[in-house]
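What the coordinates show
For reference, the chains in residue letters:
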Amino acid sequence: MLKFIPSEFGVDPDKIQITDLDNQFYSQKSEIRRLIEAEGIPYTYICSNLFMSYLLPWLAQPGLKSQPRDKVTIFGDGNTKAVFVKDVDVAACTISAIDDPRTLDFVSETPGECMLHESAGSNVGG
């Protein structure tokens, strides 16, 4: 089975609520999705949210090159939920989605969604 798996590794552009801060990045990604769908190109979109290895070592502090030592900024009111995933789980999800017909024309909100066919005893990501 051939299908297109674009590098959507991040937030779902159809659901993100950022406006006027992203230079229309997400609206353009959504527009590309609509073109793919309109052309009938088989696809799987994997929206992995945030990579643990990228943001957690720096406590999600934009622009830092090393861990904060004396100050951490909490964005919003501190109650905002976020999903962090391991990059190896996203890789496993992508690999499992390649040949799985259940992921045809499918949007995965988390890596676990496209690994539904894994055995109940498996431990994704260790």
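If you're wondering where the values come from, they're calculated on a predicted model, not measured in any experiment.

Calculation notes
- Residues numbered from 1 in each chain as written.
- Predicted model: local features only at pLDDT ≥ 70, side-chain atom pairs only at ≥ 80, totals over all residues.
- Heavy atoms only, no water.
- Helix = DSSP H or I, 4+ residues; strand = E, 2+ residues; numbered from the N terminus.
- Buried < 20%, exposed > 50% of the residue type's maximum accessible area, 1.4 Å probe, protein only.
- Contact = heavy atoms within 4.5 Å.
- Areas by Shrake-Rupley, 256 points an atom, 1.4 Å probe, with all protein chains shown as cover.
- Expected span 1.5 Å × (residues − 1).
- Disulfide = S-S within 2.5 Å.
- Phe/Tyr/Trp six-rings, centres within 6.5 Å; stacked < 30°, edge-to-face > 60°.
- Lys NZ or Arg CZ within 6 Å of the ring centre and 35° of its normal.
- Polar contact = N/O pair within 3.5 Å; in protein donor to acceptor, adjacent residues only side chain to side chain.
- Salt bridge = Lys/Arg side-chain N within 4 Å of Asp/Glu carboxyl O.
- pLDDT = per-residue confidence, 0-100.

**Considerations on the overall build of the protein chain**
- Helices and strands together make up the secondary structure of the protein chain, namely three helices and four strands.
- Along the protein chain, helices and strands appear, N-terminal first, in the series α-β-β-α-β-α-β.
- Here the protein chain holds 126 residues, and the buried ones make up 26% of them.
- Within the protein chain, counting contacts between residues at least 6 apart in sequence, those at least 24 apart form 63% of the total.
- Accessible surface for the protein chain amounts to roughly 8,700 Å². Of this, 57% is attributable to carbon and sulfur atoms.

**Structural notes on helix α3 (residues 87–98)**
- An ideal rise of 1.5 Å per residue puts 16 Å on 12 residues; α3 measures up with 17 Å between its terminal C-alpha atoms.
- Among the residues making up α3, those that are buried are Asp89, Val90, Cys93, Thr94, Ser96 and Ala97.
- In this fold, the buried residues of α3 make contact with β1 (44–46), β2 (50–51), β3 (84–85) and β4 (106–108).

**Some points on the state of the cysteines**
- According to the stated counting rule, one finds zero disulfides in the structure shown.
- Distance from the sulfur of Cys47, which forms no disulfide, to the nearest cysteine sulfur (Cys93) is 9.9 Å.

**Points about the packing of aromatic side chains**
- Scanning all chains against the criterion turns up one aromatic pair.
- Ring geometry for Tyr43 and Tyr45: centres 4.3 Å apart, planes at 20°, overall stacked. Comparing Tyr43 with Tyr45, the two get one shared label, buried.
- Taking the ring centre of Tyr45 as reference, the NZ or CZ of Arg33 above it sits at 4.2 Å.

**A closer look at the side chain of Thr103**
- Checked against the element boundaries, Thr103 lands in the loop between α3 and β4.
- Taking relative accessible area as the criterion, Thr103 reaches 3% and is therefore assigned buried.
- At a separation of 2.9 Å, a polar atom in the side chain of Thr103 contacts the main-chain carbonyl oxygen of Ala97.
- From its side chain, Thr103 meets the backbone oxygen of Asp100 in a polar contact 2.8 Å long.

**Some words on the pattern of salt bridges**
- Counted according to the given criterion, the structure contains five salt bridges.
- Put simply, Glu37 and Arg34 hold a salt bridge, and the shortest N to O gap is 3.0 Å. Residue Glu37 and its partner Arg34 are located together in helix α1 (residues 25–38), separated by three residues, close to a single helical turn.
- According to the relative accessible area criterion, Arg34 is partly exposed, its value standing at 38%.
- In this structure, a network of salt bridges that share partners links the residues Asp12, Asp14, Arg33, Arg34 and Glu37.

**Regarding unusual backbone geometry**
- Although it is not a glycine, Asp105 adopts a positive phi angle of roughly 55°.
- Within the secondary structure, Asp105 is located in the loop between α3 and β4.
- Taking relative accessible area as the criterion, Asp105 reaches 43% and is therefore assigned partly exposed.

**Some words on the confidence of the model for the protein chain**
- With 68% of its residues at a pLDDT of at least 70, the protein chain reaches an overall mean of 74.
- Confidence scores differ between elements of the protein chain, with helix α2 (residues 52–55) showing the lowest mean pLDDT of 65 and α1 the highest of 89.
- Counted against residues more than four places away or in other chains, residues 116–126, with its pLDDT under 50, gives nine contacts.

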